[in-house]
Amino acid sequence: MKIFVSWSGKHSLAVATALKERLPLLFTDIDLFVSSEDVRKGKRWPSELSKELDASNCGIVCLTPDNLDAPWLMFEAGALSKGVAKASVFTLLTGGLISSDIAGPLSHFQHTVFEKKDFFKLIKSINNALDQGKRGEGQLKKIFEKFWDELNTDVSKAIKLVPTPDKQSSDETLREILGITSQIERNQRLSRQTLPQRKASLEQIRKCEHTIGEIGRGLVPVPGGTAEYFSYFLD
């Protein structure tokens, strides 16, 4: 099983990295994809994202108090909602977040609060979705008990003293993200296109690749709320 882990900001990245390191200790038949900042800033990121989404069976969106409106998180969560069944996309709420804190498009996903009982439910969902290497619940619970303390420590360190983000307004940046998202969706359809159509689509994707490198990691508040721009992902 391929799991796409979405993040935005250094605290969320630390959570995603902890999941990538710890979850394979529970399951032998899973592969977690966590993009690096270097990959995201590269010119081939739209194509790379499209490839990873095509291969993914599940998505986990790592939420922290400082990234709920982060455009990049919305961008990847929106792409996940198109590329992976919504029943297999989970938001992981850390840093004291609860379900009522989540608004807009992200509120449509399945929320998992990062506490032991709720996180085990997420683990069981992943286990139930496995084609191979599925564990009995008793065995899974026993391994989880050994695994939880270290993961909890890693995540607690990751989200400790999350600062208030320095925000900068940029509607244009969000519109660029939307344009790139459209290009990725078209890229995912390339295998069903004729050769001339495929060449045209690839040319459009190349034109937007420079833009992806300029988007960066900033948090961008939007008049009327970020959901106004991204709600179409969940149609």
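Source: prediction; values computed, not measured.

Largest kink in helix α6 (residues 137–159): about 40°, centred on F147. For α6, the complete set of buried residues consists of L140, F144, F147, W148, L151, V155, A158 and I159. On its buried face, α6 is in contact with α1 (10–22) and α5 (116–129).

Further remarks concern the pattern of salt bridges. Taken as a whole, this structure holds seven salt bridges when the rule is applied. Residue D154 is joined to R22 by a salt bridge in which the shortest nitrogen-to-oxygen separation is 2.9 Å. Pair noted here: D154 is in helix α6 and R22 is in helix α1, with a separation of 132 residues, a long-range link. Here the salt bridges do not stand alone but share partners, grouping K2, D31 and E52 into one network.

Within strand β4 (residues 89–93), five of the five residues are buried, which leaves the element mostly enclosed by the surrounding structure. Residues of β4 alternate between two faces, with V89, T91 and L93 on one and F90 and L92 on the opposite face, all of them buried. Here five bridges tie strand β3 (residues 58–63) to β4, and the two strands are oriented parallel to one another. Bridging from a neighbouring strand, G59 pairs with V89 of β4. When β4 meets strand β5 (residues 110–113), the two strands line up parallel, connected through four bridges. For L92, the partnering residue across the bridge sits in β5 and is T112.

Another aspect to go through is the nonpolar core. Counting 35 residues, the largest nonpolar core has I3, L19, L23, F119 and I123 as the members making the most contacts within it. Of all the secondary structure elements, the ones that give two or more residues to this core are β1 (2–6), α1, β3, β4, α5 and α6. A total of eight residues in this core trace back to one element, the largest contributor, which is α6. Leave out the neighbours within four places in its chain, and L23 touches I30, L32, I60, F119, I123 and F147.

This brings us to the confidence of the model for the protein. Predicted confidence across the protein gives a mean pLDDT of 76, with 63% of residues reaching 70 or more. Every residue in residues 164–170 is under pLDDT 50, and counting partners more than four places away or in other chains gives eleven contacts.

Another aspect to go through is the packing of aromatic side chains. Tallying each qualifying case throughout the model produces nine aromatic pairs. Residues F4 and F33 carry aromatic rings whose centres are separated by 5.4 Å and whose planes lie at 40° to one another, so their mutual orientation is tilted. Of this pair, F4 sits in strand β1 while F33 sits in strand β2 (residues 31–33), and the two are 29 residues apart along the sequence. On the basis of relative accessibility, which here comes to 14%, the residue F33 falls in the buried class.

Rules behind the numbers
Residues numbered from 1 in each chain as written. Predicted model: local features only at pLDDT ≥ 70, side-chain atom pairs only at ≥ 80, totals over all residues. Heavy atoms only, no water. Bend = angle between axes of the 7 residues up to and from the residue. Helix = DSSP H or I, 4+ residues; strand = E, 2+ residues; numbered from the N terminus. Buried < 20%, exposed > 50% of the residue type's maximum accessible area, 1.4 Å probe, protein only. Contact = heavy atoms within 4.5 Å. Salt bridge = Lys/Arg side-chain N within 4 Å of Asp/Glu carboxyl O. Pairing = 2+ DSSP bridges. Core = buried A, V, L, I, M, F, W, Y, C linked by side-chain atoms within 4.5 Å. pLDDT = per-residue confidence, 0-100. Phe/Tyr/Trp six-rings, centres within 6.5 Å; stacked < 30°, edge-to-face > 60°.

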